[in-house]
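What follows is the residue order along each chain.
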Amino acid sequence: MHINKKKFAFFVLLSFFLVDTSYAQTVKKKNGKPVRNYALVLYAGGGLSSYAANINTQPIGLQTDVKRTSLYGTIRLMWHPNYRLRLGIESGYTNFYSYSVKNGNASGKVTLSAIPILIVWSIKVVNRVNLFAGFGSYLLTTHLNYNGMVKSSTLSLGSNVALNYVQPISKKCGVAIEGKWLNAFQTKDNMVALQLQLVWKFLEY
């Protein structure tokens, strides 16, 4: 599907504007001078996801066995400045759903997989609790195994929303539990997920 590049570029520019505005309003100062304390933080982990939209199993009339749950892996890189609004990128991999079909002695399987590629903003709600919101695209791939293999891919505009709780285990590492909603709204595919993640502050400057 066609993605409006102008709209996508607008959201990218808007994100940097919001970060810059947040910095101007909330930058910490010491002895009248701004205190700069930036960090790059990596979130990586996985868990279970469940497809929440309707599944149109085709062809109609055949016996189908639908699977809505799947493993879901996430990797996210965030820039943490010394103010509340943060910015980063996120990707991962999951199967939105799969279903098998049976027609007499013949059987087949259809799987829809997704790779999100999103620009993500986050804000600390309270201590150790963070809210995330992302916008970008989903690379959707349909795998059909029925008298041979057929694969087709498309891009869909989409978003996600997540809330996590981080438990520190050292000065630079922590463990997070995160609930997430993924929405490829251009193709009307969406799912919810629950993940366990490692949080690593690997660079401070």
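Fair warning: this is a prediction, and the values are worked out from it, not measured in the lab.

Side note on the overall build of the chain
Scanning the chain from terminus to terminus reveals one helix and 11 strands. Starting at the N terminus and walking to the C terminus, you meet the elements of the chain as α-β-β-β-β-β-β-β-β-β-β-β. Here the chain holds 205 residues, and the buried ones make up 40% of them. In the chain, of all internal contacts separated by at least 6 residues, the share reaching a separation of at least 24 is 60%. In the structure as shown, the chain presents an accessible area of about 11800 Å², 62% of it carried by carbon and sulfur atoms.

Topic: the pattern of salt bridges
All told, the structure shown has four salt bridges when counted by the stated rule. Note that K180 is salt-bridged to E178, the shortest N-O span being 3.2 Å. Counted as one network, the salt bridges with shared partners bring together R76, E90, E178 and K180.

What about the pairing of strand β6 (residues 85-103)?
Examined bridge by bridge, strand β5 (residues 69-80) and β6 share eight bridges and lie antiparallel to one another. The residue of β6 that forms the bridge with R76 is E90. Hairpin connection between β5 and β6: a loop of four residues separates the two successive antiparallel strands. Direction of pairing for β6 relative to strand β7 (residues 106-126): antiparallel, over a ladder of 16 bridges. Its bridge partner being in β7, Y99 is matched across the sheet by V110.

Quick look at the side chain of N190
With respect to the element layout, N190 can be found in strand β11 (residues 189-204). When its relative accessible area of 17% is taken as the criterion, N190 is described as buried. Excluding residues that lie within four positions of it along the chain, N190 makes contacts with Y51, A52, A53, W181, L182 and N183.

Points about the nonpolar core
With 28 residues, the main nonpolar core has F96, Y97 and Y138 as its most contacted residues. For this core, the secondary-structure elements that each account for two or more residues are β3 (39-51), β5, β6, β7, β8 (129-145), β9 (149-168), β10 (173-184) and β11. With five residues, the top contributor of residues to this core is β7.

Here's the deal with the pairing of β3
Regular strands show a simple pattern: their side chains alternate between the two faces of the sheet. As defined by bridge partners, β3 adjoins β5 across 12 bridges and the pair is classed as antiparallel. Paired with A44 across the two strands is I75, which belongs to β5. In this sheet, β11 lies alongside β3 in antiparallel orientation, the contact comprising 13 bridges. Pairing of G46 across the sheet is with L196, part of β11.

Let's talk about the packing of aromatic side chains
Taken as a whole and judged by the stated rule, the model has nine aromatic pairs. Relative to W79, the ring of Y38 has its centre 5.6 Å away and its plane inclined at 35 degrees; by these criteria the two rings are tilted. Of this pair, Y38 sits in the loop between β2 (33-34) and β3 while W79 sits in strand β5, and the two are 41 residues apart along the sequence. With a relative accessible area of 25%, W79 lands in the partly exposed category. Ring centres 6.3 Å apart and planes at 15 degrees place the aromatic pair Y97 and Y99 in the stacked group. Here Y97 falls in the buried class, since its relative accessible area comes to 15%. Exposure remark for Y99: the relative accessible area of 6% places this residue in the buried category. Within the aromatic cluster, the residues linked to one another by ring pairs are Y51, F96, Y97, Y99 and Y138. In this arrangement the basic side chain of R76 is found over the ring face of Y43, its NZ or CZ atom lying 5.1 Å from the centre. The ring centre of F132 lies 4.0 Å from the NZ or CZ of R76, which sits over that ring.

Cut-offs used in this document
- Residues numbered from 1 in each chain as written.
- Predicted model: local features only at pLDDT ≥ 70, side-chain atom pairs only at ≥ 80, totals over all residues.
- Heavy atoms only, no water.
- Helix = DSSP H or I, 4+ residues; strand = E, 2+ residues; numbered from the N terminus.
- Buried < 20%, exposed > 50% of the residue type's maximum accessible area, 1.4 Å probe, protein only.
- Contact = heavy atoms within 4.5 Å.
- Areas by Shrake-Rupley, 256 points an atom, 1.4 Å probe, with all protein chains shown as cover.
- Salt bridge = Lys/Arg side-chain N within 4 Å of Asp/Glu carboxyl O.
- Pairing = 2+ DSSP bridges.
- Core = buried A, V, L, I, M, F, W, Y, C linked by side-chain atoms within 4.5 Å.
- Phe/Tyr/Trp six-rings, centres within 6.5 Å; stacked < 30°, edge-to-face > 60°.
- Lys NZ or Arg CZ within 6 Å of the ring centre and 35° of its normal.

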